[in-house]
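Each chain, written out:
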Amino acid sequence: RRVALKSSLQTISLHSDPMTTIAQAIAQSPLPRLETRLLLQHITGLSHSQLITRDGDLLPPEQEAQWRQLCRRREQGEPVAYLLGSREFYGRTFAVNRHVLIPRPETEHLLEAALCRLPAGGALWDMGTGSGIIAVSAKLERPDADVFASDISADALAVAQYNAQTLKAACTFAQGSWFEAQKQPARQWDVIVSNPPYIRADDPHLAQGDLRFEPEGALTDFADGLQHIRHIVAQAPQHLKTGGYLLLEHGYDQAADIRRLFAQHGYRHCETLLDLAGLDRVTLAQL
Ligand code: GLN
């Protein structure tokens, strides 16, 4: 990187466009400070402190062009995670692209609740794994566990597998819709965990913010929000060991409906966990 910046200094006179220093890019940025810093770090490969100590350096023309393009895309609403191609989850950096939902901090509650219910050497299935954050984190936190992850989207599964590979998590993956992904029907699980598409089709949030850019099929069931959850709750007993757990992330107003579903299908010890905003976010039950 240092070489690239130095050589850009030497070629400055060859470019007719005015050159921009890092300090100027920051001062003129239309974006919030944090986003500016993250995007500039991404483009230049510099650390946060290098960005400050070397802010007199000129941006090489291709980096300046990239900076302008990313600013434009961000101003049009594209999520920062997609522009960076990554998002942190549970202390690790996961690759993301427009084929997967952007990892949310709320999902860390789901992961932790699943981990503390997984017995030593237990088997966990992450259904609708998306970028693979739950499965990969579970395997890295609990190397003793047998972790399986599935998704209906081949594009999402490619991202999950890439993350498992780069983070060195030995999970197994399969493509398929919910329980259809498992080819050995006799297999039984200690924990089944899912953050399914639970937003109802007419929720105005789908047309706002980051959600506009995320895969629709990862966000909504195109119905009342409970379509996939009904299916998972009804089918999971055939795939769980006795004493096994099903854990689901859901919307702030869905806990009562989900608890009713769990009760109808003979689960016990139903519990709802709150997120940091104090909203119902995860409901789980034991078979
Ligand atoms: N399991 C992934 C996550 O929690 C993907 C969830 C989804 O696409 N609905 O981020």
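A. Summary view of the overall build of the protein chain. Looking only at helices and strands, the protein chain features twelve helices and nine strands. Scored against the burial criterion, the 287 residues of the protein chain give a buried share of 49%. Taking the intrachain contacts of the protein chain between residues at least 6 apart in sequence as the baseline, contacts between residues at least 24 apart amount to 64%. Summed over its atoms, the accessible surface of the protein chain is roughly 13800 Å², and 52% of this surface lies on carbon and sulfur atoms. Mean positive and mean negative side-chain charge positions of the protein chain (28 and 33 charges, respectively) differ by 5 Å.

B. Representation of the nonpolar core. Core analysis: the largest hydrophobic core is formed by 30 residues, its most contacted members being Ile192, Leu246 and Tyr267. Within the residue set of this core, elements represented by two or more residues are β3 (123-127), β6 (189-194), α11 (227-235), β7 (240-249) and α12 (255-264). In this structure, Phe89, Ala164, Phe173 and Val191 belong to the second largest nonpolar core, which totals 29 residues.

C. The arrangement of the pattern of salt bridges in detail. Inspection of the entire model under this criterion finds 14 salt bridges. Taking the shortest distance from any N to any O, the salt bridge between Arg142 and Asp144 comes out at 3.3 Å. The exposure class of Asp144 is partly exposed, given its relative accessible area of 39%.

D. Layout of the packing of aromatic side chains. What the rule picks out here adds up to seven aromatic pairs. Between Phe89 and Tyr90, the ring centres sit 6.4 Å apart and the planes meet at 40 degrees, which makes this aromatic pair tilted. By relative accessible area, Phe89 is classed as buried at 1%. The class of Tyr90 is partly exposed, set by a relative accessible area of 21%. Measuring from ring centre to ring centre gives 4.7 Å for Phe262 and Tyr267, while their planes differ by 80 degrees; the resulting arrangement is edge-to-face. We classify Tyr267 as buried; its relative accessible area is 9%. A network of ring pairs unites the aromatic residues Trp125, Phe148, Phe179 and Trp189 as a single cluster. Just above the ring of Trp189 sits the side chain of Arg187; from NZ or CZ to the centre is 4.2 Å.

E. Here's a closer look at the site of the ligand. Surveying the vicinity of the ligand reveals the residues Leu101, Thr107, Gly128, Thr129, Gly130, Ile133, Ile134, Asn195 and Ala218. At 3.3 Å, a backbone N or O of Thr129 approaches a nitrogen atom of the ligand. Here a nitrogen atom of the ligand and a backbone polar atom of Ala218 are 2.9 Å apart. Residues belonging to the shell around the ligand are distributed by class as follows: four nonpolar, five polar and no charged.

F. Quick peek at the pairing of β7. Across the ten residues of β7, seven count as buried, placing the element largely inside the fold. Two elements, β6 and β7, share five bridges in a ladder whose sense is parallel. Across the sheet, the residue bridging to Ser194 is Leu248, located in β7. Examined bridge by bridge, β7 and strand β9 (residues 280-286) share five bridges and lie antiparallel to one another. If you follow Leu247 over to β9, its bridge partner there is Leu284.

G. Main features of the confidence of the model for the protein chain. Overall, the prediction assigns the protein chain a mean pLDDT of 94, with 94% of residues at 70 or greater. Quick note on the complex model: pTM equals 0.91, ipTM equals 0.96.

H. Focus on the side chain of Thr283. Within the secondary structure, Thr283 sits in strand β9. Within the structure, the side chain of Thr283 is placed 2.7 Å from the side chain of His250, a separation counted as a polar contact.

I. Looking closely at helix α5 (residues 61-75). Between its first and last C-alpha atoms α5 spans 21 Å; for 15 residues at 1.5 Å apiece the expected length is 21 Å, and the two agree. Within the sequence span of α5, burial applies to Gln63, Glu64, Trp67, Leu70, Cys71 and Arg74. Axial view of α5: buried residues confined to an arc of 125 degrees, hence all on one face. Buried residues belonging to α5 abut α2 (22-28), α3 (33-44) and α6 (80-84). A positive backbone phi angle near 105 degrees is found at Gly77, which sits one or two residues after α5.

J. Region of interest: the packing of α3 against α5. Where α3 contacts α5, the two axes come as close as 10 Å, and the packing angle between them is 140 degrees. Where α3 crosses over α5, the two elements pack in a sense that is right-handed. Between α3 and α5, the residues in contact are Glu35, Thr36, Leu39, Leu40, His42, Ile43 and Thr44 and Gln63, Gln66, Trp67, Leu70 and Arg74, respectively. For the contact of α3 with α5, the per-class residue count stands at five nonpolar, five polar and two charged.

Conventions and cut-offs
- Residue indices follow the written sequence of each chain, beginning from 1 at its first position.
- Side-chain atom pairs in this predicted model are given and counted only at pLDDT of 80 or more, local residue features only at pLDDT of at least 70, and totals for whole chains, interfaces and linings cover all residues.
- Excluded from the side-chain calculation are hydrogens and water; included are all heavy atoms of the structure.
- Each helix corresponds to a stretch of at least 4 residues labelled H or I by DSSP, and each strand to a stretch of at least 2 residues labelled E; elements are numbered beginning at the N terminus.
- Working definition: with a 1.4 Å probe on protein chains only, accessible area under 20% of the residue-type maximum means buried, over 50% means exposed, and in between means partly exposed.
- Every residue pair with non-hydrogen atoms within 4.5 Å of one another is taken to be in contact.
- Surface exposure here means Shrake-Rupley accessible area, sampled with a 1.4 Å probe, where a residue is shielded only by the protein chains that are shown.
- Positive: Lys, Arg. Negative: Asp, Glu. His and the chain ends are not part of the count.
- Charged side chains are reduced to one point each, which is NZ for Lys, CZ for Arg, CG for Asp and CD for Glu.
- Throughout this description, the term nonpolar core refers to a set of buried Ala, Val, Leu, Ile, Met, Phe, Trp, Tyr and Cys residues connected via side-chain atoms within 4.5 Å.
- Should a side-chain nitrogen of Lys or Arg be within 4 Å of a carboxyl oxygen of Asp or Glu, the pair is scored as a salt bridge.
- The criterion for an aromatic pair is that two Phe, Tyr or Trp rings (for Trp, the six-membered ring) have centres within 6.5 Å, with stacked assigned to planes under 30 degrees apart, edge-to-face to planes over 60 apart and tilted to the rest.
- By definition here, charges over rings are those cases where NZ of Lys or CZ of Arg is within 6 Å of the ring centre and within 35 degrees of the ring normal.
- One heavy atom suffices: a residue is near a molecule or strand as soon as one of its heavy atoms comes within 4 Å of it.
- Any pair of nitrogen or oxygen atoms within 3.5 Å is treated as a polar contact; in protein, a donor-acceptor pairing is required on top of that, and neighbouring residues in sequence qualify only through side-chain atoms on both sides.
- Just so you know the grouping, Ala, Val, Leu, Ile, Met, Phe, Trp, Tyr, Cys and Pro go in nonpolar, Asp, Glu, Lys and Arg go in charged, and all remaining residues, Gly too, go in polar.
- Here, strands pair whenever DSSP counts at least two bridges between them.
- For every residue, the predictor assigns a confidence score, pLDDT, that lies between 0 and 100.
- In this scheme, a helix's expected span is set at 1.5 Å multiplied by one less than its residue total.
- Think of the arc as the fan of directions from the helix axis to the C-beta atoms.
- Think of each axis as a best-fit line through the C-alpha atoms, taken over the contacting stretch in the case of a helix, with angles from 0 to 180 degrees between the N-to-C directions.
- In this scheme the crossing of two helices becomes right-handed for a clockwise turn of the near helix relative to the far one and left-handed for an anticlockwise turn of less than a right angle.

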